[in-house]
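# What the coordinates show
Residue strings, one per chain:
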Amino acid sequence: ASLSAPCAPSSVPSDWRFFLHNIKSRSSNSQRYVKDNVAKSLAALKAISSEVKGAESYILDLEKCLAILERIGHGNNSVPELHKAKQIAVDVLDSTRDKCPPLTFKQNPEGVQHPK
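As the structure is a prediction and not an experimental result, all values here were calculated from the model.

## Describing the pattern of salt bridges
On inspection of all chains with the given rule, the structure shows 5 salt bridges. Note that R17 is salt-bridged to D15, the shortest N-O span being 2.6 Å. Given a relative accessible area of 14%, D15 falls into the buried group. Note that K46 is salt-bridged to E63, the shortest N-O span being 3.0 Å. In this pair, K46 is assigned in helix α2 (residues 31-47) and E63 in helix α3 (residues 55-72), connecting sequence segments 17 residues apart.

Here is the structure:
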């Protein structure tokens, strides 16, 4: 059986908060995992900062979080610092609830969804 699809599958996140949700929803204690997601969130936020209310504050907090993660490296004795960095990321995510609207999608004529 074949299934006709209107576009190539894509799972590219289009919202900077997606990466913070990854951190919040996973109980990973991997410094690399947290650092990668914070870095991706920060890059995505900087790209659209003029559209995000309070972006300057979020950027400062995420940069602080990233600095902690870069400082601790991959050492085993850095669990308290890793927890602190994860908490900063989760706090940024939680603080966006009332300030940032949920991501909405529009559909083009080919049936492909794009962020508004």
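Here the narrative resumes, following the displayed structure.
## A few points about helix α1 (residues 17-25)
Among the residues of α1, R17, F19, L20, N22 and I23 are the ones counted as buried. Buried residues along α1 sit in contact with α2, α3 and α4 (79-95).

## Digging into the nonpolar core
Within the largest apolar cluster, 23 residues are counted, with the highest numbers of intra-cluster contacts made by W16, L20, V38, L45, L62, C65 and L69. Contributing elements (two or more residues each) for this core: α1, α2, α3 and α4. Here this core takes 9 residues from α3, the largest share from any one element. In contact with L62, not counting residues within four places along its chain, are W16, L20, V38, S41, L42, L45 and V92.

## Quick look at α4
Between its first and last C-alpha atoms α4 spans 24 Å; for 17 residues at 1.5 Å apiece the expected length is 24 Å, and the two agree. Here α4 has its buried residues at L82, A85, K86, I88, A89, V90, V92 and L93.

## Here we look at the packing of aromatic side chains
According to the stated counting rule, one finds 2 aromatic pairs in the structure shown. Ring geometry for W16 and Y58: centres 5.4 Å apart, planes at 35°, overall tilted. Of this pair, W16 sits in the segment before α1 while Y58 sits in helix α3, placing them 42 residues apart in sequence. Residue W16 is classed as buried on the basis of its relative accessible area of 3%. Ring centres of F18 and F19 lie 5.3 Å apart, and the angle between their planes is 85°; on these two criteria the pair is classed as edge-to-face. On the basis of relative accessible area, F19 is assigned to the buried category, the value being 11%. A cation over a ring is seen here: R26 above Y33, with NZ or CZ 4.0 Å from the ring centre.

Scoring rules and cut-offs
- Residue positions within a chain follow its written sequence, with the count starting from 1.
- Two thresholds apply to this predicted model, a pLDDT of at least 70 for residue-level local features and 80 or more for giving and counting side-chain atom pairs, whereas whole-chain, interface and lining totals are computed over all residues.
- With hydrogens and water stripped out, all remaining heavy atoms of the structure feed into the side-chain values.
- The rule for a salt bridge is simple: a side-chain nitrogen of Lys or Arg has to be within 4 Å of a carboxyl oxygen of Asp or Glu.
- When a residue's accessible area, from a 1.4 Å probe over protein chains only, is under 20% of the maximum for its type it is buried; when over 50% it is exposed; and in between it is partly exposed.
- A run of H or I in DSSP counts as a helix once it spans at least four residues, and a run of E counts as a strand once it spans at least two, with each numbered from the N terminus.
- Whether two residues touch is decided by their heavy atoms; if any such pair falls within 4.5 Å, the residues are in contact.
- Here, the term nonpolar core denotes a set of buried Ala, Val, Leu, Ile, Met, Phe, Trp, Tyr and Cys residues that are joined through side-chain atoms within 4.5 Å.
- Expected span of a helix: the number of residues minus one, times 1.5 Å.
- When the centres of two rings from Phe, Tyr and Trp lie within 6.5 Å, Trp using its six-membered ring, the rings pair. Their planes under 30 degrees apart give stacked, over 60 give edge-to-face, and anything left gives tilted.
- For a ring to carry a charge above it, either NZ of a lysine or CZ of an arginine must fall within 6 Å of the ring centroid while also lying within 35 degrees of the normal to the ring plane.

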